[in-house]
Amino acid sequence: MVRALLLATVATLASAASAAAGEPRWRFDAEASYSDLSHGLTPWREGALRAVYRVDGEFTLGAAVEAASRFGNFDAYFEVRADARTGSGTSVYALAGGTPDADFRPRNAFGLGGAQRLFQDDGFVAAVVATLDLRYADYAAGDVESANPGIEIYLLHGRAWITARHINIWDETNTHRTGYILRTDVQPAENFTVFAGYADAPDTSDGVTVDTTSWFAGAAVDVDTTTTVRLALAQEMRDSGYDRTTVTLSLTLKR
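Quantities reported herein were computed from a predicted structural model and do not represent experimental measurements.

Trainee: Give me the lowdown on unusual backbone geometry, citing residues and values where you can.
Mentor: At Asp-101, a residue that is not glycine, the phi angle is positive and equals roughly 50°. On the secondary structure map, Asp-101 appears in the loop between β5 (90-98) and β6 (108-120). Under the relative-accessibility criterion, Asp-101 is labelled exposed at 72%. A positive phi angle, near 65°, is found at Asn-174, a position not held by glycine. Structurally, Asn-174 is set in the loop between β9 (160-170) and β10 (176-189).

Following this line, the structure appears as structure tokens:
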């Protein structure tokens, strides 16, 4: 769930930027990842395909399929999502998803959230945005709910931004767990972005929630105005079970 929120942050920012810049209506994302597990456990392999259609400057619709192979089991998770800008500096989203015959992904999942711009200026601090994500997931082991407020601070005319989120999860045993995620993105050149972050937060995987610490870093290169390639590396350390090191490669096409 923590990893999903990180990806959602990037997707939301990218979607808003695309609408503002008048870019093509379609966006396609393809992603593949390989995870090496400690203790000699079998590696995980995961992939995802996403499509987003910008209906107009205020409204987008998206769909995704995420396929994963873990410990000899295979799950395919499907999701639909709608994003809307409801006012100056305000946006909301809703999503719904599920996994047919689920082994480790959620059988059903729902999400609501939004963002509100609190400040905008032409100075060193370009903007401050408050965010909120609410999630519910139904796993075989039980229900997992989360409420995650956050803040995004844009600097240097939007060439750098800092993201912080407070993670609150009510796990499959109805125990409240808390944590945080910190992330920094910097655009040193027009077509090149680097990012890095750290998280100390509970995470739900295979229907079980455990306390984790993790770091991640990566880069994105705009090959041209319609094509972006990203590479990311992440390491997750768990209080129990196994540690996980993941390499992710993704491609974005705009049409």
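Trainee: Before we move on, can you summarise the confidence of the model for the protein with the specific residues and values?
Mentor: Segments scoring low in pLDDT should not have their predicted coordinates read at a detailed level. Per-residue confidence for the protein averages 91 on the pLDDT scale, and 91% of its residues sit at or above 70. Ignoring residues within four places in sequence, the model shows residues 8-21, a span with pLDDT below 50, making 18 contacts including any to other chains.

Trainee: How would you summarise the nonpolar core if you had to cite specific residues and measurements?
Mentor: Grouped together as the largest cluster of nonpolar side chains are eight residues: Ala-137, Tyr-139, Val-144, Ile-167, Ile-169, Ile-181, Ala-199 and Ala-201. Among the nonpolar cores identified, the runner-up in size contains six residues, and Ala-115, Ala-126, Ala-127 and Tyr-154 belong to it.

Trainee: I'd like a description of the pattern of salt bridges, backed by residues and values.
Mentor: Under the counting rule described, the total for this entry stands at 14 salt bridges. In this structure, Arg-70 and Glu-46 form a salt bridge, with 2.9 Å as the shortest nitrogen-oxygen distance. Linking Arg-70 in strand β3 (residues 59-70) with Glu-46 in strand β2 (residues 44-54), this pair joins segments that are 24 residues apart in sequence.

Trainee: So what about the pairing of β3? Which residues, and what values?
Mentor: Alternating positions in β3 separate cleanly, Thr-60, Gly-62, Ala-64, Glu-66, Ala-68 and Arg-70 being buried on one face and Phe-59, Leu-61, Ala-63, Val-65, Ala-67 and Ser-69 remaining unburied on the opposite face. With ten bridges joining them, β2 and β3 adopt antiparallel strand pairing. Within β3, the position partnered with Arg-50 by the bridge is Ala-64. The turn joining β2 and β3, which pair antiparallel and follow one another in sequence, is formed by four residues. Here β3 pairs with strand β4 (residues 73-87) via twelve bridges, running antiparallel. Among the inter-strand pairings, Arg-70 is bridged to a residue of β4, identified as Asn-73. In sequence, β3 turns back onto β4 through a hairpin of two residues, with Phe-71 there showing a positive phi of about 50°.

The rules we used
Residues numbered from 1 in each chain as written. Predicted model: local features only at pLDDT ≥ 70, side-chain atom pairs only at ≥ 80, totals over all residues. Heavy atoms only, no water. Helix = DSSP H or I, 4+ residues; strand = E, 2+ residues; numbered from the N terminus. Buried < 20%, exposed > 50% of the residue type's maximum accessible area, 1.4 Å probe, protein only. pLDDT = per-residue confidence, 0-100. Contact = heavy atoms within 4.5 Å. Core = buried A, V, L, I, M, F, W, Y, C linked by side-chain atoms within 4.5 Å. Salt bridge = Lys/Arg side-chain N within 4 Å of Asp/Glu carboxyl O. Pairing = 2+ DSSP bridges.

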